[in-house]
Amino acid sequence: MPDAIDFTNGDANHDILSKTGSSGLLNRQYLADRPLETYLRDGEEPRYLLWNKQSGLSLTDAAGTRAIEPGDGYRALALCTDVRLLVVAGAPDGDEHESLPYVDAVEARAEDAGFRTQSLVVEMLDGGRWEFPFKGDVSTVVEYADRAIQTWANVTRLLTDAETNIEAATSHLDVGEHGTAAATLAGTGDIIEHAVDRAEALGERAGAEIGDRAEELRPEIERLERVIQARRARSQHANARHHWRDSEYEQAATAYETAVTAYEEAIDTIRGATVRDATGSDAGSDLDADGESLARGLRRALSERELLRVWPRVDANTARRRADQTDDPETAAQLWTEALDGYRDMLGLDWGQDTRSFVVDRARIREQTTAVADDAIEDHARAGQSWLDSGDDLAAAGRPEQATRVYERAREQYRRAHELASEVRPDRVDELERALETVDQRLTDTAGMEPASERVTEQGSEADASKAESSESDLNASDAAPGPDPDDAERSVLDRIRDRPEKETTADGTYQTDTTATVEAGGATAASSGRSPSPDETSASTQLGNAAEGAEGTQPTDLSLSTLRALDEDEFVEFVARVWEARGWLTTVFTTAAAVYDIVATRENPDEKLLIWAIPGDEAVGSTRIDRCATARESSNGADEAALVTTGSLTDAARTRASELDVTVLDGDEFVELLEFEGVRTEEILER
């Protein structure tokens, strides 16, 4: 009983592939037209060969059963390759052939076909059947053919799964679900590579055919990954801004770190794809555009992350400024409490990581926290006293019900003051407890009072009643309002405060009238820390002060441009910040080496944010610097304007570029003119 010809071990006689006739097969002719190898495709590898003399191939399909039989003196050859089963039957009037790809088959098995004969039987997906008899053992061929069929079924299923994942990920992206899209697409590339590896194990042609399908899918996966990464980066960037707007600084810092990493990963993916697609095609242009968009996003995220490092103090100082400028004690007390919350939040921020540390002097913040608490205690106590006085007026006018309500307001203010004092000012606790006892006694006394007669006849009582009615009206308005309104609901409190002393500015700047947060890597500046400046530090500022001395009303135009140019970089930045403060802005000064701009100026009504660059010296500023200003403005968190102030000059190109990009520029002469036009007094700026 002959065996099938095995081409897998390299020892088989390949004449049967390369010739139409041979003495190696019972000295008979087996094909008429052309050798078997001419039917093979590029890279297709023969594995096993079966033959028969007369039976040929029995093929059953939807049309019925038909036979492909060899002519007299010829043979029918069945060749298993790495991709298909190929049957060629020789005939004098022309060879006939059929091909069955493994991908279209279900299984292969052996069946007994009579005396010393077995058949290779292949079942097809469409229900068809191939049967090829062989007078010998077909087990080896059946084993290989069935393994090949199952392998092709597996790799096809893997590629189908990959296509399904790609379609699903695309659908999720279309509705903005980039996270779900990423999860859906995860591992899809590995699925494709596994399919290719399995196919390549069958043979070169099998690997090539699956590889071709894989090559159609890989670019789509890469495109989706780029889109997902880009959207993830932008989503995290938006998330960081959202947390920032809600003053959730820790969450914002974390989101910025995630956004920066996502931007960098997306850019790396773009770069890799650009290298692979270095053909100048439209796809390459799209990759370049995507990369530039991501690069802009990365620059914005980095710039905003840098600003976030000092923004907690900006917010806290803004609340402190509002409280300091509010005359009504109850409203001021509430603002002081908000500022206190901001300072306490700063002390609880994550200071341990270099990339996320918030730039501020913690020791100074502790001092300012205590000082703000002092102000809150003082204004709560003042408000409590004012409400207590109003209650006394109402009680004296015979209006116990209204007096009770006012006393309750007084007790609430004293209670808040007592609560803060218990934390930071224990020396004031006894005083505030006595005040609370006084209020409680008033409430007890008022509870037993009878309302006064509606007719007022006693001498002097008419004035008291009028005064009480005013307090009652103020109380009712206050109760109806959604919150404190110093111009309406609580006017009675304002009317009762006389000669309120101005707050003094402490050595550490706790009550400074501006909210400048001069930030340095090592801590506060000399001016804000209260230490005496060194001779080097005072030289230029002393010149500036001397230039400003003279008769009252001296204007900044008395300063020569050369004197302004004598200021060093830090002094000039500080001077420009104070000029903008004199114009009604709140400013934050940046002196870290990594700072993108020198000053952030903000103000309300209208709500604006301005980035300022202050450049001392006498050199000309070029257009490149203007481009950087515009880029920083666009990438900042909500900046409306950008301005560059220099004691030098500006090139023509710089002025043209500034006009194109809407960047405000002032050279030395224009800056001096601005000071004169605004009426900014130099001595006032220097005294701050």
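Because the structure is a prediction, the values reported are computed rather than measured.

S.K.: Help me understand the overall build of the protein, please; the structure alone is not making it clear to me.
M.R.: For the protein, the helix and strand inventory stands at 22 helices and 19 strands. Here the protein holds 688 residues, and the buried ones make up 47% of them. The long-range fraction of contacts in the protein, counting pairs at least 24 apart against all pairs at least 6 apart in sequence, stands at 64%. Taken as a whole, the protein presents about 33000 Å² of accessible surface, with 44% of it coming from carbon and sulfur.

S.K.: For this particular structure, what's the right way to read the nonpolar core?
M.R.: Within soluble globular proteins, side chains that are nonpolar tend to cluster in buried spots. Core analysis: the biggest nonpolar cluster contains 67 residues, and L36, L50, V122 and W130 have the highest contact counts within it. It is helix α2 (residues 139-174) that provides the largest number of residues to this core, a total of 14 residues. The next biggest cluster of nonpolar side chains, apart from the first, holds 41 residues, and it includes W244, L294, L298 and V665.

S.K.: Whenever I open this one, the sheet that holds strand β4 (residues 46-52) confuses me. Can you help?
M.R.: Strand pairing in a sheet is mediated by backbone hydrogen bonds. Such pairs are either parallel or antiparallel. Strand order across the open sheet formed by 5 strands is β1-β4-β7-β8-β9, with antiparallel pairing between neighbours. The open sheet has two free edges, formed respectively by β1 (5-6) and β9 (96-101), since each of these has just one partner strand. Here β1 runs beside β4; their pairing, made up of 2 bridges, is antiparallel. When the bridges of β4 are listed, I5 appears paired with L49. Packed onto the sheet, α2 meets β4 and β7 (76-81) and runs at close to 135° relative to β4.

S.K.: So what exactly am I meant to see when it comes to the confidence of the model for the protein here?
M.R.: Low-confidence regions, as indicated by low pLDDT, have predicted coordinates that should not be scrutinised in detail. The share of residues in the protein with pLDDT of 70 or more is 71%, and the mean pLDDT across the chain is 76. The least confident element of the protein, judged by mean pLDDT, is helix α15 (residues 526-529) at 32; the most confident is strand β8 (residues 84-89) at 96. The low-confidence segment residues 351-356 (pLDDT under 50) makes 13 contacts with residues lying over four places distant or belonging to another chain. Counted against residues more than four places away or in other chains, residues 454-463, with its pLDDT under 50, gives 3 contacts.

S.K.: For this particular structure, what's the right way to read a negative patch on the surface?
M.R.: A cluster of like negative charges, contributed by D607, D640, E641 and D662, occupies part of the molecular surface. Positionally, D662 belongs in the loop between α20 (652-661) and β19 (664-666).

S.K.: Would you explain the packing of α2 against helix α4 (residues 188-202) in this entry?
M.R.: Any two packed helices are characterised by the angle at which their axes cross and by the distance between the axes. Between α2 and α4, the shortest axis-to-axis distance is 9 Å and the interhelical angle comes to 160°. Between α2 and α4, the interaxial angle falls into the category roughly antiparallel. Note on packing geometry: the crossing formed by α2 with α4 is left-handed. When α2 is examined against α4, the residues Y144, A148, T151, W152, N154, V155, L158, L159, A162, N165 and I166 are found in contact with a partner set consisting of T188, I191, I192, H194, A195, R198, A199 and L202.

S.K.: When you look at the packing of helix α19 (residues 623-635) against α20 in this model, what are you seeing that I'm missing?
M.R.: Following both chains from N to C, one finds α19 and α20 inclined at 20°, their axes separated by 8 Å at the closest point. Between α19 and α20, the angle is such that the two are roughly parallel. Judged by the twist between their axes, the crossing of α19 over α20 is right-handed. In this structure, α19 contributes S623, I626, D627, A630 and R633 to the contact, and α20 contributes A653, A654, R657, A658 and L661. Taken together, the residues of the contact of α19 with α20 sort by class into 6 nonpolar, 1 polar and 3 charged.

S.K.: I keep staring at unusual backbone geometry and nothing clicks. Help me out?
M.R.: Negative phi values dominate among residues other than glycine, just as trans dominates among peptide bonds. Residue D662 is not a glycine yet carries a positive backbone phi of 60°. A residue is classified by how much of its surface remains accessible, and D662, at 61% relative accessible area, is exposed.

S.K.: It is not clear to me how the pairing of strand β14 (residues 599-603) should be interpreted in this structure. Could you clarify?
M.R.: Regular strands place side chains that alternate from one sheet face to the opposite one. Taking burial as the measure, the 5 residues of β14 include 4 buried ones, the bulk of the element. Relative to β14, strand β13 (residues 586-589) runs antiparallel, the two sharing 4 bridges. The partner of T587 across the bridge, within β14, is A601. Pairing of β14 with strand β15 (residues 608-615), which is carried by 5 bridges, proceeds in the antiparallel orientation. Considered in β15, the bridge of V600 is made with L611.

S.K.: How should the pairing of β15 be read in this particular structure?
M.R.: Burial analysis of β15 places 8 of its 8 residues in the buried class, which makes it a mostly covered element. Residues E608, L610, I612 and A614 point to one face of β15 and K609, L611, W613 and I615 to the other, with burial holding for every one of them. Here β15 pairs with strand β17 (residues 641-646) via 6 bridges, running parallel. Directly across from A614, in β17, lies its bridge partner V645.

S.K.: Where do I start with the environment of E450 in this structure?
M.R.: When you line up the elements, E450 lands in the loop between α12 (429-447) and α13 (461-480). For E450, a relative accessible area of 65% puts it in the exposed group. Spatially, the C-alpha atom of E450 lies 10.0 Å from that of A395, the residues being 55 residues apart in sequence.

S.K.: For this particular structure, what's the right way to read the packing of aromatic side chains?
M.R.: Scanning the model with the defined rule gives 6 aromatic pairs in all. Between W51 and F134, the ring centres sit 5.1 Å apart and the planes meet at 75°, which makes this aromatic pair edge-to-face. With W51 in strand β4 and F134 in strand β12 (residues 129-134), this pair connects stretches of sequence that are 83 residues apart. Taking the relative accessible area as the measure of exposure, W51 reaches 15% and is therefore buried. Taking 6.2 Å as the distance between ring centres and 90° as the angle between the ring planes, the aromatic pair formed by F575 and F671 counts as edge-to-face. Of the two residues, F575 is situated in helix α18 (residues 569-582) and F671 in helix α21 (residues 668-678); the sequence distance between them amounts to 96 residues. Relative accessible area serves as the criterion here: at 4%, F575 is assigned to the buried category. Here the aromatic cluster, defined as three or more aromatic residues joined through ring pairs, consists of F572, F575 and F671. The positively charged end of R34 is found above the aromatic ring belonging to Y39, 3.7 Å away from the centroid.

What counts, and where the lines are drawn
- Residues numbered from 1 in each chain as written.
- Predicted model: local features only at pLDDT ≥ 70, side-chain atom pairs only at ≥ 80, totals over all residues.
- Heavy atoms only, no water.
- Helix = DSSP H or I, 4+ residues; strand = E, 2+ residues; numbered from the N terminus.
- Buried < 20%, exposed > 50% of the residue type's maximum accessible area, 1.4 Å probe, protein only.
- Contact = heavy atoms within 4.5 Å.
- Areas by Shrake-Rupley, 256 points an atom, 1.4 Å probe, with all protein chains shown as cover.
- Core = buried A, V, L, I, M, F, W, Y, C linked by side-chain atoms within 4.5 Å.
- Pairing = 2+ DSSP bridges.
- Axes fitted to C-alpha atoms, helices over the stretch in contact; angles between N-to-C directions.
- pLDDT = per-residue confidence, 0-100.
- Patch = residues over 30% accessible without salt bridge, like charges linked within 9 Å, V, L, I, M, F, W, Y side chains within 5 Å.
- Salt bridge = Lys/Arg side-chain N within 4 Å of Asp/Glu carboxyl O.
- Lys, Arg positive; Asp, Glu negative; His and termini not counted.
- Charge placed at Lys NZ, Arg CZ, Asp CG, Glu CD.
- Parallel < 35°, antiparallel > 145°, perpendicular 65-115°, else oblique.
- Left-handed = near helix turned anticlockwise from the far one by under 90°.
- Nonpolar A, V, L, I, M, F, W, Y, C, P; charged D, E, K, R; others polar.
- Phe/Tyr/Trp six-rings, centres within 6.5 Å; stacked < 30°, edge-to-face > 60°.
- Lys NZ or Arg CZ within 6 Å of the ring centre and 35° of its normal.

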